[in-house]
Amino acid sequence: MNTRKLILLPLAVAAAMEAGDRAGWWMEEPVRLIQTNLRETDSTLDARRLAEQVAAFPANAILFNMGGIVAHYPTKVPYHYASAYLPAGGDLFGDMVKEAHGRGIRVIGRFDLSKTQKAAYEAHPEWFFRRANGEPAIYNGLYATCINGGYYREHAKVILGEALERYEVDALFFNMFGNPGEDYSGNPLGPCHCESCRKLYRARHQKEIPAAWDEEYRRFMEESTLKTAELIAGLIHGKRPRTGFFTYLQQHTDGIMSESNTSVRRPLPLWPYSASDNVNRARNSERSKMAFNLCISFVDFPWRFAMVPRAEIRSRLYQSMAHGAGPALNMHGPLDQEDRSAVEAAREVFQWHKRHEDLYTGQESAARVLLVGSRRNSYRGLFRILTERHVPFAVADNLKWLEDGRKFDLVVAPDGVPEALEGYVRGGGRLLACGPAAPPFGVSGVVTRRPHTQGYWRVHDHSLLPSLKSTNVLMLDGEYSELPAVPKPVLTLIPPAMFGPPEKVWVNKVETETPGLLVTEFGTGRMAWIPWDVGGLYYRHSLEAHAGLVADLVDHLLVEGRQLLTNAHPLVEITVMRQRGRTRTLVHFVNLSGHSQTAYFEPLEMRDIRVSLKGAYRAARSAALGASLPVTAEGAYTAFTLPALGGYDVVVLE
Ligand SMILES: [Zn+2]
């Protein structure tokens, strides 16, 4: 950051200038990315043929292996190894840059500095990861390096220096950036006990590194990773100012990488909104950076050539596009795959993107609701409720928007409220807080936090909660915060009572005055607190009553009404986007109706989706139908009807 600018200019202007300084091709162009993750044996592949295939796909960017574990170019740097399969005098990466650039394709060079060969370990053991017993971590003959060691912190400068001087690469991507907690087979590695880590950890925490990962060590690793990222960002930007730094971090990068993937070891349910979640979060946490959500086409590492369903591939790519990123498809090896289904499925989406690429430049979220919070079940439950109820929302990991002038009508906090939101609510903002952790402002007198409880909430006020008109009770299963009684409570606790045998059910049931919801004014704002884990319960059970409670509170807090009203099916995801420097608004529709548990089938066609969007627009046009849609003004809203929806569409409003 240039501090001189900060002194002279208001924060928002300085932030925009800083962003402008680094806004490269990744922010300006409609990127369609193919990643062909190469083996060392692929060093003989035909770069011209691959570039032709990528161009014809049609993609305009390729993420292609460059160096690190295996260099696909004749590196001269000691302890950096060219592929043993690279033909004498050959330079696969150089050929790829030439063939790709000749066809207008951007090249992102992939590095993986997390492992290297035994000879490097023998010459520089201090560069490497150490288990608690002092042994190195070896996987398929490769030795794991340490993010705090000299390989990452010093030798990387030499490796990347050579790479950046030799090749006009458009960005560098780093895989496995940081010390992983486990190897590819899922065996835990434990914390690193190398000399560098031990010294740094002692200096910071005045104690030895723990035997297993804990919260303190996790933070130490995060800080260590960020420190190394800062060094590498500086190196790249110093050598080639127009080259981007991409990895799985929001800080110090130009492109924020993420993945939509599956794993046979991951507990179900599957998270069908992974691409929406990743891209929404990246684009709204760091608005000057691009998100690249890699659609991992295979099912898991041991089966890199067996593909997930076609409709799953397409839904991930559409979700990415609906939230402001381009489609990005990952595969192992070049495009000639053993199982062609993922490539075939993605090709249709890439073809759509190219036909309509004008829609995908400079996209930004226009949502008026913000969802904050980590990716736990509580968050995912709220994410689903907002999506299924068609409340357009942004996701952010930070509160930078408080300073950059962006406005939200409502903030939803699924599992804890950041203290920094106090000024926002006091100044007229609206907050929906969920979960047993008490908000740090606006509430007082919490009696205690009660452990896991299997009871109910009694519904008293059906006028505030019209969605609950068919029920008098809500399920409670989990912790809650006990609050003192309030006049006219909306919900009150029914503590656990007998539930079996049927003859004894509720025979000993009592009613209490313990409130299950607090709605209060705070400053000139308003907040509602549901002091139990409504999001986690919805994620697990999908009860209508839990979604209805949240939706009614959203409506209560949005005093000016919702941004968007629709009759769309809950499994049609709708996002509202704008484009930088243009006045039009884009409404994306992603049809997820073909998804059930781990299965993805073709979505069912939806008909006559009515939408009323806040704002005055003269015209609407469906990109999929290639047709104008009649618009009508309805007070503060403009209404249109989408007559038919297949898998995806964008309606452009002007
Ligand atoms: Zn270490």
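In this report, we go over the structure that sits alongside the text.

Conventions used here
- Residues numbered from 1 in each chain as written.
- Predicted model: local features only at pLDDT ≥ 70, side-chain atom pairs only at ≥ 80, totals over all residues.
- Heavy atoms only, no water.
- Core = buried A, V, L, I, M, F, W, Y, C linked by side-chain atoms within 4.5 Å.
- Buried < 20%, exposed > 50% of the residue type's maximum accessible area, 1.4 Å probe, protein only.
- Helix = DSSP H or I, 4+ residues; strand = E, 2+ residues; numbered from the N terminus.
- Pairing = 2+ DSSP bridges.
- Axes fitted to C-alpha atoms, helices over the stretch in contact; angles between N-to-C directions.
- Phe/Tyr/Trp six-rings, centres within 6.5 Å; stacked < 30°, edge-to-face > 60°.

In this section: the nonpolar core. One finds Phe 111 and Phe 174 to be the most contacted residues of the largest nonpolar core, which totals 92 residues. In terms of residue count, the dominant contributor to this core is helix H9 (residues 215-239) (nine residues). Counting residues in each nonpolar core, the second largest holds 47 residues, with Leu 371, Val 395, Val 412 and Ala 528 among its members.

It is worth spelling out the sheet that holds strand S9 (residues 255-260) at this point. With parallel pairing, the eight strands of this closed barrel are ordered in space as S1-S2-S3-S7-S8-S9-S10-S13. With strand direction ignored, the average angle separating the axes of adjacent strands in the sheet is 30°. Sheet analysis places strand S2 (residues 61-68) next to strand S3 (residues 106-112), joined by seven bridges and oriented parallel. Looking across to S3, one finds that Gly 68 is bridged to Asp 112.

The tally for this structure, following the rule as stated, stands at 40 aromatic pairs. On the basis of an interplanar angle of 85° and a centroid distance of 5.0 Å, the ring pair of Phe 57 and Phe 350 is categorised as edge-to-face. Taken together, the residues span a long stretch of sequence, with Phe 57 in the loop between helix H4 (47-56) and S2 and Phe 350 in helix H12 (residues 341-355) at a distance of 293 residues. Among the residues examined, Phe 57 registers a relative accessible area of 1% and is labelled buried. Judged by relative accessible area, which is 0%, Phe 350 ranks as buried.

With that settled, the discussion passes to the sheet that holds strand S33 (residues 637-645). Taken in spatial order, the four strands of this open sheet run S24-S29-S33-S32, and their pairing is antiparallel. Edge strands, defined here as strands with exactly one partner in the open sheet, are strand S24 (564-566) and strand S32 (632-634). For this sheet, the mean angle separating the axes of adjacent strands, direction not counted, is 30°. Two elements, strand S29 (residues 606-614) and S33, share eight bridges in a ladder whose sense is antiparallel. Residue pairing in the sheet places Met 606 in a bridge with Leu 645 of S33.

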